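Chain residues, written in single-letter form:
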Amino acid sequence: MEIQYGNPFALNWLWLALACVVVIVWAAVRMRAKLRRFATANFSSQLLPPHHRLRIAVRTVLLLLTFLFLTIALVDIRWGKVWREVPQKGIEVMFVVDVSRSMLAEDATPNRLSRAKQQINDMLDVMAGDRVGLVVFAGEVRQIVPMTNHYDDFRRSLKEVGTHSIRRGGSRLGDAIRVASKGFLSKTNDHKAMVILTDGEDQESEPLKVAKQIHQDQGVRIFTIGLGNMSEGARIPAGTNGDSNYVTYDGQQVWSKLDGAVLQAVATETNGAFIPAETKQVDMASVYHQYVAKVEQQQFETAKINQYEARFQWFVGLALISFLCEAVMTYWLPTSSDDPVQAGGQAI
């Protein structure tokens, strides 16, 4: 039988239960030693008769069982899979990633491309129900992942993305926007967002003109995230192995800067937003909630999910039974009249 644990860290509470057992055993040993010093064996059995000791032991065991069952309930143990229909609601988000050689510039740590991939993963962490797709571009454009809600598959494909994903060098942002707009599944003029991660360099592909057109025709809102130093820029490594060689042109090293002007214009004309991440660490969860998530959602088809059935309520019930049994023994069971401790020491 397969078992799943929703919160395995709660098992650490068992160390507290073990500590309680150690303290109880230590207290019992100390009490027994003191009774032996205080009275003879016959007299000590009258001070603490067997049925009284049994009562204490049973109450202790019940309290420990209560704690144990509550701990298991906190672990959120699950077994037995069931099929459930889950309504899907969200938006379609097409991620467009620049994989041109300039994205290897190291003004953003470790480089612009790695930072872009991390930012996408950060957004995925807070997305729920949205469909996502992936397009990469340089001198040509390629769709890597069609629209999907399988985030694990998406992450695996994103991890493999690099400058090798596109054979032709350059940067055709306008072509990337055009191709990415064809990857949306929704036929209505809402519910669609495009997130572009790039340093803004473009080779006369008219990104602003293309962006205006797809916003008018399809209602796509474009959110641009600019990567790279906007003022000084950075050199472009000639290889991918961390060597010290850099791209040159006419004998001079090529420096790449973030071109935020075109990204700002594209975002403005499509009712989106421009996020000048540059070389800073940006809270992408906030970016998603503040901008992308504001796109109107739509109802997707209902999904059938095969998931483990939660069983924590069983252990909550067992904990409640143990606690009630202990309460009954404490407050409601009559005390034997021949118990010298409870009877005011009449046996003495």
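Each chain has its residues counted from 1, following the order in which its sequence is written. Given that the model is predicted, a residue must reach a pLDDT of at least 70 before its local features are reported, and side-chain atom pairs must reach 80 or more before they are shown or counted; all residues, however, enter totals for whole chains, interfaces and linings. Hydrogens and water are ignored here; the side-chain numbers use all heavy atoms of the structure.

Let's talk about the confidence of the model for the chain
The predicted structure's coordinates, where accompanied by low pLDDT, should not be read in detail.
Phase 1: Here the chain shows a mean pLDDT of 83. Residues at 70 or above account for 82%.
Phase 2: Low pLDDT, under 50, characterises residues 336–348; the stretch is placed with 17 contacts to residues that sit more than four places away or in other chains. By definition, pLDDT measures how confident the predictor is in each residue, and it falls between 0 and 100. Here, residues are in contact when the closest pair of their heavy atoms is within 4.5 Å.

Some points on the packing of helix H6 (residues 173–181) against helix H7 (residues 207–218)
Phase 1: Orientation is described by axes fitted as lines to C-alpha atoms, over the contacting stretch for helices, and by angles from 0 to 180 degrees between their N-to-C directions. Each helix is a run of DSSP H or I of at least 4 residues and each strand a run of E of at least 2, with the numbering of both proceeding from the N terminus. The interhelical angle for the contact between H6 and H7, taken along N-to-C directions, is 20°, at an axis separation of 8 Å. It follows that H6 is roughly parallel to H7 by the angle criterion. In terms of crossing hand, the pair formed by H6 and H7 is left-handed. Residues Leu-173, Gly-174, Ile-177, Arg-178 and Ser-181 of H6 form the contact with H7, whose own contacting residues are Pro-207, Val-210, Ala-211, Ile-214 and Gln-218.
Phase 2: Its residues assigned to classes, the contact of H6 with H7 comprises six nonpolar, three polar and one charged. Any angle that falls under 35 degrees is termed roughly parallel, while one over 145 is termed roughly antiparallel, one within 65 to 115 roughly perpendicular, and all others oblique. Handedness of a crossing is defined here by the sense of rotation of the near helix relative to the far one, left-handed for an anticlockwise turn of less than a right angle and right-handed for a clockwise turn. As a working rule, the residues Ala, Val, Leu, Ile, Met, Phe, Trp, Tyr, Cys and Pro are called nonpolar, Asp, Glu, Lys and Arg charged, and the rest polar, with Gly in that last group.

Focus: the environment of Leu-258
Phase 1: Turning to its location among the elements, Leu-258 is positioned in the loop between strand S11 (255–256) and helix H8 (260–269).
Phase 2: Using a relative accessible area of 4% as the deciding quantity, one classes Leu-258 as buried.
Phase 3: Remark: the alpha-carbon pair of Leu-258 and Ser-102, spanning 156 residues in sequence, is separated by 9.9 Å.
Phase 4: The contact partners of Leu-258, leaving out residues within four places of it in the chain, are Thr-198, Asp-199, Gly-200, Gly-226, Leu-227, Gly-228, Asn-229, Met-230, Leu-263 and Glu-278. Think of it in three bands: residues with accessible area under 20% of the maximum for their type are buried, residues over 50% are exposed, and the middle band is partly exposed, with areas taken using a 1.4 Å probe on protein chains only.

Overview of helix H4 (residues 112–126)
Phase 1: One fewer than the residue count of a helix, multiplied by 1.5 Å, yields its expected span. The end-to-end C-alpha separation of H4 is 22 Å, in line with the 21 Å expected for 15 residues at 1.5 Å each.
Phase 2: Listed in full, the buried residues belonging to H4 are Arg-112, Leu-113, Arg-115, Ala-116, Lys-117, Gln-119, Ile-120, Asn-121, Met-123 and Leu-124.
Phase 3: For the purposes of these results, a polar contact is taken to be a pair of N or O atoms within 3.5 Å, where, inside protein, one atom must be able to donate a hydrogen and its partner to accept one; residues adjacent in sequence count only when each atom of the pair is a side-chain atom. One side-chain oxygen of the residue at the start of H4 lies 3.2 Å from the amide nitrogen of Leu-113, identifying that residue as Asn-111.

Let's talk about the nonpolar core
Phase 1: Remark: nonpolar core denotes a set of buried residues (Ala, Val, Leu, Ile, Met, Phe, Trp, Tyr, Cys) joined through side-chain atoms within 4.5 Å. In this structure, Phe-95, Met-127, Phe-154, Leu-197 and Val-292 are the most contacted members of the largest nonpolar core, which totals 36 residues.
Phase 2: The set of elements that each furnish at least two residues to this core consists of strand S3 (92–98), H4, strand S4 (131–137), helix H5 (151–159), strand S6 (192–198), strand S7 (221–227), strand S12 (273–278) and helix H9 (284–290).
Phase 3: Look past the residues within four positions of Leu-197 in its chain and what remains in contact with it is Phe-95, Val-96, Val-97, Asp-98, Met-103, Ala-116, Gln-119, Ile-120, Ile-225 and Leu-227.
Phase 4: Ranked by size, the runner-up nonpolar core spans 23 residues in total, among them Met-194, Val-210, Ile-214 and Leu-258.

A closer look at a nonpolar patch on the surface
Phase 1: Like-charged residues within 9 Å of one another, or nonpolar side chains (Val, Leu, Ile, Met, Phe, Trp, Tyr) within 5 Å, are grouped into patches, provided each residue has over 30% relative accessible area and no salt bridge. Note on areas: Shrake-Rupley with a 1.4 Å probe; residue coverage comes only from the protein chains shown. Salt bridges are defined by distance alone: a side-chain nitrogen of Lys or Arg within 4 Å of a carboxyl oxygen of Asp or Glu. Nonpolar side chains collect at one region of the surface, where Trp-15, Leu-18, Val-21, Val-22, Val-25 and Val-29 lie side by side and expose about 590 Å² of accessible area between them.
Phase 2: Inspection of the secondary structure puts Val-22 in helix H1 (residues 13–38).
Phase 3: Residue Val-22 is classed as exposed on the basis of its relative accessible area, which comes to 53%.

Digging into H6
Phase 1: If you check which residues of H6 are buried, you get Leu-173, Gly-174, Ala-176, Ile-177, Ala-180 and Ser-181. Along H6, the residues classed as buried sweep out an arc of 160° about the axis, all on the same side. Within this analysis, the arc is defined by the directions that extend from the helix axis to the C-beta atoms.

A look at the side chain of Asp-199
Phase 1: Within the element layout of this structure, Asp-199 appears in the loop between S6 and H7.
Phase 2: Only 2.6 Å separates the side chain of Asp-199 from the side chain of Ser-102, close enough to count as a polar contact.

Side note on the pattern of salt bridges
Phase 1: Using the criterion set out here, one finds nine salt bridges in the structure.
Phase 2: Across the salt bridge formed by Arg-131 and Glu-92, the nearest N and O atoms sit 3.0 Å from each other. Of the two residues, Arg-131 is situated in strand S4 and Glu-92 in strand S3; the sequence distance between them amounts to 39 residues.
Phase 3: A single salt-bridge network, built from bridges that share partners, covers Asp-107, Arg-112 and Asp-199.

What about unusual backbone geometry?
Note: most peptide bonds trans; most residues except glycine with negative phi.
Phase 1: Looking along the chain, the bond that leaves Thr-109 and enters Pro-110 is cis, with omega of -5°.
Phase 2: Within the secondary structure layout, Pro-110 lies in the loop between S3 and H4.
Phase 3: The phi torsion at Glu-278 lies on the positive side, around 50°, for a residue other than glycine.
Phase 4: Of note, Glu-278 is situated in strand S12.
Phase 5: Judged by relative accessible area, which is 24%, Glu-278 ranks as partly exposed.

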